[in-house]
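# Structure at a glance
In case you want the letters, here they are:
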Amino acid sequence: MPAKRGADVLSHTQHTSYDVVIVGGGACGLAVAWRARARGLSVCLLDRGALGAATSAVAAGMLAPVSEADAGEPALVALGLESARRWPAFAGELEDVTGMPVGYRACGTLVVARDRDEAEALERELALRDRLGLETRRLLPSEARAVEPALAPTLRLALEVPSDHAVDPRALCSALATAAERAGAALHPGVEVARVIIADARVSGVELPGGERIACAQVVVAAGPWSGALEGIPTAARVPVRPVKGQSLRLRDPSGPGLLERVIRFEGGYLVPRGDGRYVLGATVEERGFDTAVTALGLWELLRDAQELVPGVLELEVEELPVGLRPGTPDNAPALGRSTVVEGLLWATGHHRNGILLAPLTGDLLAAELTGEAVVAPAFAPDRFAAVVA
Ligand code: GLY
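Below, the structure is looked at part by part. (Residues numbered from 1 in each chain as written. Predicted model: local features only at pLDDT ≥ 70, side-chain atom pairs only at ≥ 80, totals over all residues. Heavy atoms only, no water.)

### Notes on the site of the ligand
Selection criterion: A single heavy atom is enough: if one lies within 4 Å of a molecule or strand, its residue is considered near that molecule or strand. Between N or O atoms, a polar contact is any pair within 3.5 Å; within protein, one atom must be a potential hydrogen donor and the other a potential acceptor, and residues adjacent in sequence are included only when both atoms are from side chains. Here, Shrake-Rupley sampling with a 1.4 Å probe gives the accessible areas, and only protein chains in the shown set may cover a residue. Three residue categories are used. Nonpolar comprises Ala, Val, Leu, Ile, Met, Phe, Trp, Tyr, Cys and Pro, charged comprises Asp, Glu, Lys and Arg, and polar comprises the others, including Gly.
As a structural note, the neighbourhood of the ligand is formed by Met-62, Tyr-270, Ala-283, Arg-326 and Arg-353. The side chain of Tyr-270 places a nitrogen or oxygen atom 2.6 Å from an oxygen atom of the ligand. Within the backbone of Arg-353, an N or O atom sits 2.8 Å from a nitrogen atom of the ligand. Considering the ligand on its own, with 200 Å² of exposed area, one finds that the protein chains cover 87% of that surface. In terms of residue class, the shell around the ligand is built from three nonpolar, no polar and two charged.

In structure tokens form, the structure reads like this:
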């Protein structure tokens, strides 16, 4: 997308002053914009690219707090469960106000094992989820194949997670942008923020590359893996965010839907059916900085593993080979809420593998914080990394 010049932005913007400027127009930034408008705040959102076109456009859209649960991270599990609980109403409200489908599918998930080692690991996962009180069910291979006949006969074991669902992140971002705009947010794709203007430890606006300024009392940084590099923020107030590369394949069944109904997760990846004959096969997890190259090895490993469990995957047509960068913090949990170092600086970033799952809750929590409520748990406080960035 060609970059808009600052003067164009200011001439198309009703105001040059807002209650809130949001930097980043992915699912979380857009959710914050929508929810902040609902609380009566004036909102301007800027993204240097197209809305929802970076990490969110590559996300598979799994809403999987149970299958991704980590016993060592109880606060993160609770956060994911709470956001999953909000998803049906969030999707329904978005579809009602925009008339646009978001592809929310209450399809459930099967976690599958293809050999003895994976089956033993799955038994441990089952015991762990039982201890956490999360609803899962052990399925014998015959039971798993009865509900998903495309699974290979060599399957060893499956875990059914009836509450882990999926949504289409691209449809979601389109609907969120429409909802936020209709609610009165000023959305500016193609506009980079050169720096956040901070003086005397207080936010007063943002500056665009041409020197134009948009005044605001509060800035929300929702720029995904680019959040840590935003200029103007003092070191002590920064959140260190690194890119975590994920390669994936977008596949399509020329004969239509029906190969899989549920999300299938396996050691090394997942297959997410969109319900219309399209599938997302993902994703690698690579620590390679901002590299977004598609590699033969990445694709081969995904296809090798997937076809062992769902042989029919090799019959599908390849539509696209997206590569994305997840935003990871040092503890891989998000940074949500208000800086204690700079007044008016808030963060909604670092969602790592869970940005789409956490979008509804991120929108609600940040909107509450923006209107003066302190609602985010200390486990997600943006300043918890002070020792790391200092
Ligand atoms: N949420 C799945 C992934 O990040 O690959």
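### Considerations on unusual backbone geometry
The condition is simple: The helix count covers DSSP runs of H or I at least four residues long, the strand count covers runs of E at least two residues long, and both are numbered beginning at the N terminus. When a residue's accessible area, from a 1.4 Å probe over protein chains only, is under 20% of the maximum for its type it is buried; when over 50% it is exposed; and in between it is partly exposed.
Gly-282 connects to Ala-283 through a cis peptide bond whose omega is -25 degrees. Residue position: Ala-283 is located in the loop between β15 (278–282) and α8 (296–309). Positive phi is not limited to glycine here, since Asp-200 has a value of about 50 degrees. The exposure class assigned to Asp-200 is exposed, which follows from its relative accessible area of 78%. Positioned with a positive phi, Ala-201 is a non-glycine residue whose angle comes to about 55 degrees. The topology assignment puts Ala-201 in the loop between β9 (195–199) and β10 (202–207). Take Ala-201: its relative accessible area is 40%, and that puts it in the partly exposed class.

### Describing the side chain of Thr-136
In plain terms, the rule: By definition, residues are in contact when any of their heavy atoms lie within 4.5 Å.
Tracing the sequence through the fold places Thr-136 in the loop between α5 (116–131) and β5 (137–139). Here Thr-136 falls in the buried class, since its relative accessible area comes to 14%. Not counting chain neighbours up to four residues away, the residues in contact with Thr-136 comprise Val-66, Leu-126, Arg-129, Asp-130, Leu-159, Glu-160 and Val-161.

### Some remarks on the pattern of salt bridges
Condition: The salt bridge criterion pairs a side-chain nitrogen of Lys or Arg with a carboxyl oxygen of Asp or Glu, the two atoms within 4 Å.
Evaluation of the coordinates by the stated rule reveals 30 salt bridges. Two residues, Arg-86 and Glu-82, come together in a salt bridge whose shortest N-O distance is 2.8 Å. Within this pair, Arg-86 and its partner Glu-82 are both found in helix α4 (residues 74–98), separated by four residues, close to a single helical turn. Relative accessible area serves as the criterion here: at 26%, Arg-86 is assigned to the partly exposed category. Across the pair Asp-305 and Arg-304 runs a salt bridge, and its minimum N-O distance is 2.9 Å. For Asp-305, a relative accessible area of 9% gives the class buried. One network of salt bridges, with partners in common, ties together Arg-35, Glu-82, Arg-85, Arg-86, Glu-93 and Asp-364.

### Here we look at the nonpolar core
For clarity, the cut-off: To form a nonpolar core, buried Ala, Val, Leu, Ile, Met, Phe, Trp, Tyr and Cys residues must be joined to one another through side-chain atoms within 4.5 Å.
In terms of nonpolar packing, the biggest core is built from 47 residues, with Ile-22, Trp-87, Leu-94 and Val-220 touching the most fellow members. Secondary structure elements with two or more residues in this core: β1 (17–23), α2 (27–38), β2 (43–47), α4, α7 (169–182), β19 (345–349) and α9 (355–370). Excluding residues that lie within four positions of it along the chain, Ile-22 makes contacts with Gly-29, Val-32, Ala-33, Val-43, Cys-44, Leu-45, Leu-46, Val-220 and Ala-222. Grouped together as the second largest cluster of nonpolar side chains are 27 residues, Cys-44, Leu-46, Val-203 and Ile-214 included.

### With respect to a negative patch on the surface
Defined as follows: Patch definition: residues with relative accessible area over 30% and no salt bridge; like charges joined within 9 Å; nonpolar side chains (Val, Leu, Ile, Met, Phe, Trp, Tyr) joined within 5 Å. For the charge count, each Lys or Arg is scored as positive and each Asp or Glu as negative, with His and the chain ends excluded. Here the site of a charge means atom NZ of a Lys, CZ of an Arg, CG of an Asp or CD of a Glu.
Side chains of Asp-115, Asp-117, Glu-120 and Glu-267 sit close together on the surface and give a patch of like negative charge. Its place among the elements puts Asp-117 in helix α5.

### Overview of a nonpolar patch on the surface
On the surface, Val-294, Val-318 and Leu-321 cluster together into a nonpolar patch covering about 230 Å² of accessible area. Relative to the helices and strands, Leu-321 resides in the loop between β16 (317–320) and β17 (323–328). For Leu-321, a relative accessible area of 35% gives the class partly exposed.

### Thoughts on α4
At 3.6 residues per turn, the α-helix brings residues three or four places apart onto the same side. Selection rule: Take the number of residues in a helix, subtract one, and multiply by 1.5 Å to get its expected span. Working definition for bend: take the seven residues up to and ending at a residue and the seven starting at it, fit an axis to each, and measure the angle between the axes.
The end-to-end C-alpha distance of α4, which contains 25 residues, comes to 35 Å, matching closely the 36 Å that a straight helix rising 1.5 Å per residue would cover. In the structure, α4 departs most strongly from a straight axis at Trp-87, where the bend amounts to approximately 40 degrees and where the proline Pro-88 lies between one and four residues downstream. Every buried residue belonging to α4 is among Val-77, Leu-79, Gly-80, Ser-83, Ala-84, Trp-87, Phe-90, Ala-91, Leu-94 and Thr-98, and all of these are buried.

### Quick look at the packing of α4 against α9
Short version of the rule: In this analysis, axes come from line fits to C-alpha atoms, helices being fitted only over the stretch in contact, and the angle between any two N-to-C directions falls in the range 0 to 180 degrees. Roughly parallel here means an angle under 35 degrees, roughly antiparallel means over 145, roughly perpendicular means 65 to 115, and every remaining angle is called oblique.
The geometry of α4 relative to α9 is characterised by a closest axis approach of 8 Å and an angle of 85 degrees between their N-to-C directions. As summarised for this structure, α4 and α9 are arranged roughly perpendicular, according to the angle between their axes. Together, Leu-79, Gly-80, Glu-82, Ser-83, Ala-84, Arg-86, Trp-87 and Phe-90 of α4 and Ile-356, Leu-357, Leu-358, Ala-359, Pro-360, Leu-361, Asp-364 and Leu-365 of α9 make up the contact between the two elements. A per-class count over the contact of α4 with α9 returns eleven nonpolar, two polar and three charged.

### Description of the packing of aromatic side chains
Put simply, the rule reads: Aromatic contacts are taken between Phe, Tyr and Trp rings whose centres are within 6.5 Å, Trp giving its six-membered ring; a plane angle under 30 degrees counts as stacked, one over 60 as edge-to-face, and the others as tilted.
Taken as a whole and judged by the stated rule, the model has four aromatic pairs. Between Trp-34 and Phe-90, the aromatic rings sit 5.6 Å apart at their centres with planes inclined by 65 degrees, giving edge-to-face as the arrangement. Residue Trp-34 is found in helix α2, and its partner Phe-90 is found in helix α4; the two are separated by 56 residues along the sequence. Feature note: the residues Trp-34, Trp-87, Phe-90 and Tyr-104 constitute an aromatic cluster, connected by ring pairs.

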